[in-house]
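Chain and residue survey
The chain contents come next:
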Amino acid sequence: AEGQLEVVTGNKSAMSYVLAPGTELVDLEASDNMTAPSSYCVTSVTPSIGVKNNGSDDVSSFDVSYSLDGGSAVSATVNTLLAAGASTTYDFSSVSITSGSHSIVYSVSVSGSYIDSVLGNNSASGSFSSVSTTAIGTSHTENFESYTINGAFNVNNAILENPNGENTYVVD
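Residues numbered from 1 in each chain as written. Predicted model: local features only at pLDDT ≥ 70, side-chain atom pairs only at ≥ 80, totals over all residues. Heavy atoms only, no water.

1. Some thoughts on the pairing of strand E5 (residues 62–68)
Of all seven residues that make up E5, six are buried, and the element is covered over most of its length. Sheet topology note: the E5/strand E6 (residues 74–78) ladder contains five bridges and is antiparallel. Opposite Tyr 66, over in E6, you have Val 74 as the bridge partner. Between E5 and the antiparallel strand that follows it, E6, lie five residues; Asp 69 among them carries a positive phi value of about 55°. Bridge count for E5 against strand E9 (residues 100–109) is six bridges, and the pairing is antiparallel. Residue pairing in the sheet places Val 64 in a bridge with Val 108 of E9. (Buried < 20%, exposed > 50% of the residue type's maximum accessible area, 1.4 Å probe, protein only. Helix = DSSP H or I, 4+ residues; strand = E, 2+ residues; numbered from the N terminus. Pairing = 2+ DSSP bridges.)

So, in structure tokens, the structure goes:
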């Protein structure tokens, strides 16, 4: 480097903020607060985000959103005081779902006179699965020919559940 300046890396230095008058530094954290469907045969879910104020200042309003399966974000502004150290839950309107595996991503943000100092905890995600509520037929046979060893798991009309690293299929 030119000159005799000492370079300090981010993990060895303290950060100080110079804020404009009336601006507050906050830290809101998002979490997936949606209740998992009670069965696989559901046609709708109610997305729910948990928001925790990890900062030392109260927050009077913030924005929350979710995106289901990578679709367009559904947003809302929450105008409720969230005290420092407190948590709250925001339930969105119920949304219809199709059968299959689903992913949901939540986010929280601030605007106006607030600046969120820790952006790494502003989003959370979850997943769930559902199957059609329409009967497949009076009888159904799955010969597992669509199953590929050491490849994609493509078992028709089934959901892969693997909490312990074992191959387990549930047909509902």
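2. Some remarks on unusual backbone geometry
Despite not being glycine, Asp 69 has its phi angle at roughly 55°, a positive value. Residue position: Asp 69 is located in the loop between E5 and E6.

3. Focus: the environment of Thr 88
Mapped onto the elements of the fold, Thr 88 is located in strand E7 (residues 87–91). Look at Thr 88 and you get partly exposed, because its relative accessible area is 31%. Separated by 35 residues in the primary sequence, Thr 88 and Asn 53 have C-alpha atoms spaced 8.8 Å apart. Excluding residues within four positions of it along the chain, Thr 88 makes contact with Ile 49, Gly 50, Val 51, Phe 62 and Leu 82. (Contact = heavy atoms within 4.5 Å.)

4. Examining the sheet that holds strand E2 (residues 28–32)
Within the open sheet, the three strands sit side by side as E2-E4-E7. Their pairing is antiparallel. Bordering the open sheet on either side are E2 and E7, each of which pairs with just one other strand. Adjacent strand axes in the sheet meet at a mean angle of 25°, parallel and antiparallel pairs treated alike. When E2 meets strand E4 (residues 48–53), the two strands line up antiparallel, connected through five bridges. Opposite Glu 29, over in E4, you have Lys 52 as the bridge partner. (Axes fitted to C-alpha atoms, helices over the stretch in contact; angles between N-to-C directions.)

5. Describing the packing of aromatic side chains
Taken as a whole, this structure holds two aromatic pairs when the rule is applied. On the numbers, 4.8 Å between centres and 70° between planes, the contact of Tyr 66 with Phe 92 is edge-to-face. Note that Tyr 66 is positioned in strand E5 and Phe 92 in the loop between E7 and strand E8 (95–96), a separation of 26 residues in sequence. Residue Tyr 66 shares its accessibility class with Phe 92, and that shared class is buried. A centroid spacing of 4.9 Å and a plane angle of 80° characterise the contact between Tyr 90 and Phe 92, whose relative ring orientation is edge-to-face. Here the aromatic cluster, defined as three or more aromatic residues joined through ring pairs, consists of Tyr 66, Tyr 90 and Phe 92. (Phe/Tyr/Trp six-rings, centres within 6.5 Å; stacked < 30°, edge-to-face > 60°.)

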